[in-house]
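# Fold and geometry: a report
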Amino acid sequence: MDLKENVGTLDKIIRIPLGIIMIVAGIYLSSFWGLLGIIPLISGVSGFCPLYSVFDISTAKVR
């Protein structure tokens, strides 16, 4: 699996706050579902989404 960046800027702007909100909501509501917020947070920060890789999708700018 190639770990090339496949998450674009707008995608990152959406994923990072969404991940943080999900984690905070999970903590506030005492729910383990908040752990799912780690997925968009990590993919937004790293710029790599494994699911995009599987389907050969990229929102990153072509260099």
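This report concerns the structure included in the present document. (Residues numbered from 1 in each chain as written. Predicted model: local features only at pLDDT ≥ 70, side-chain atom pairs only at ≥ 80, totals over all residues. Heavy atoms only, no water.)

### So, the pattern of salt bridges
As enumerated under the stated definition, the model contains two salt bridges in all. Lys-12 is the salt-bridge partner of Glu-5, the closest N and O atoms lying 3.4 Å from each other. Between Arg-15 and Asp-11 there is a salt bridge whose closest N-O contact spans 3.1 Å. Highlighted residues: Arg-15 and Asp-11, both in helix H1 (residues 9-28), separated by four residues, approximately one helical turn. Residues Arg-15 and Asp-11 agree in their burial class; the two are buried. (Salt bridge = Lys/Arg side-chain N within 4 Å of Asp/Glu carboxyl O. Helix = DSSP H or I, 4+ residues; strand = E, 2+ residues; numbered from the N terminus. Buried < 20%, exposed > 50% of the residue type's maximum accessible area, 1.4 Å probe, protein only.)

### A word on helix H2 (residues 38-46)
Taken as a whole, H2 has its buried residues at Pro-40, Ser-43 and Gly-44. Seen from one end, H2 has its buried residues packed into an arc of 100°, which puts them on one side. Facing away from the buried surface of H2 by more than 90 degrees, the exposed residues are Ile-42 and Val-45. Packed against the buried residues of H2 are H1. Of the residues trailing H2, Gly-47 is marked for its positive phi of about 80°. (Arc of directions from axis to C-beta. Contact = heavy atoms within 4.5 Å.)

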